[in-house]
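What the coordinates show
Residues per chain, in single letters:
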Amino acid sequence: DLDVVISGLDVVIVELERRGDVDESSLTELRLARGSFIQARANLADGVSGDQAFNAGDDQLRLLQADDPRFAACWRF
């Protein structure tokens, strides 16, 4: 469910910003992923495929995992 993914990313982003122990590039990657999932949700609501936007978000989170080992177990379906 994209709403759950987006909501979860909202919580994670806010908490990581509050804690201040994650660099800005990691936060940017999370924000970009969140934006892609928002676009996928909007596309689906408009009756358009959300695959491209969803895959972009998924790819962004996988890059984050590769770049920052603290996120290694965060994105699994």
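Presented here is a report on the structure given in the accompanying data block. Keep in mind the model is a prediction, meaning the values are calculated, not measured.

1. Topic: the packing of helix α1 (residues 2-19) against helix α2 (residues 24-45)
- Two numbers describe how α1 lies on α2: the axes approach to 10 Å, and their chain directions differ by 160°. Taken as axis vectors, α1 and α2 run roughly antiparallel relative to one another. When you trace α1 past α2, the crossing you get is left-handed. In this structure, α1 uses Leu 2, Asp 3, Val 5, Ile 6, Leu 9, Asp 10, Val 12, Ile 13, Leu 16 and Glu 17 to contact α2, whose residues at the interface are Leu 27, Leu 30, Arg 31, Ala 33, Arg 34, Phe 37, Ile 38, Ala 40, Arg 41 and Leu 44.
- Here the residues of the contact of α1 with α2 are counted per class, giving 14 nonpolar, no polar and six charged.

2. A few points about helix α3 (residues 51-67)
- Between its first and last C-alpha atoms α3 spans 24 Å; for 17 residues at 1.5 Å apiece the expected length is 24 Å, and the two agree.
- For α3, the full list of buried residues reads Ala 53, Gly 57, Asp 58, Gln 60, Leu 61, Leu 64 and Gln 65. Along the axis of α3, the buried residues cluster in a sector spanning 155°; they form a single face. Set apart from the buried face of α3 by more than 90 degrees, the exposed residues are Asp 51, Gln 52, Ala 66 and Asp 67.

3. Here's the deal with the pattern of salt bridges
- Tallying each qualifying case throughout the model produces eight salt bridges.
- Its salt-bridge partner being Glu 24, residue Arg 31 comes within 2.6 Å of it at the nearest N-O pair.
- For Arg 31, a relative accessible area of 32% puts it in the partly exposed group.
- On the accessibility criterion, Glu 24 (48% relative accessible area) is partly exposed.
- Its salt-bridge partner being Asp 68, residue Arg 70 comes within 2.8 Å of it at the nearest N-O pair.
- Among the charged side chains, a salt-bridge network with shared partners connects Glu 17, Glu 24 and Arg 31.

4. So, α1
- Relative to the 26 Å expected for 18 residues at 1.5 Å per residue, α1 spans 26 Å between its end C-alpha atoms, a close match to the ideal helical length.
- Among all positions in α1, only Leu 2, Val 5, Ile 6, Leu 9, Ile 13 and Leu 16 are buried. The buried residues of α1 all sit within an arc of 100° when viewed along its axis, so they share a single face. Facing away from the buried side of α1, by more than 90 degrees, are the exposed residues Val 4, Val 11, Val 14 and Arg 18.
- Elements that come into contact with the buried residues of α1 comprise α2 and α3.
- Directly beyond the C-terminal end of α1, a positive phi value near 75° is found at Gly 20.

Thresholds applied
- Residues numbered from 1 in each chain as written.
- Predicted model: local features only at pLDDT ≥ 70, side-chain atom pairs only at ≥ 80, totals over all residues.
- Heavy atoms only, no water.
- Axes fitted to C-alpha atoms, helices over the stretch in contact; angles between N-to-C directions.
- Helix = DSSP H or I, 4+ residues; strand = E, 2+ residues; numbered from the N terminus.
- Parallel < 35°, antiparallel > 145°, perpendicular 65-115°, else oblique.
- Left-handed = near helix turned anticlockwise from the far one by under 90°.
- Contact = heavy atoms within 4.5 Å.
- Nonpolar A, V, L, I, M, F, W, Y, C, P; charged D, E, K, R; others polar.
- Expected span 1.5 Å × (residues − 1).
- Buried < 20%, exposed > 50% of the residue type's maximum accessible area, 1.4 Å probe, protein only.
- Arc of directions from axis to C-beta.
- Salt bridge = Lys/Arg side-chain N within 4 Å of Asp/Glu carboxyl O.

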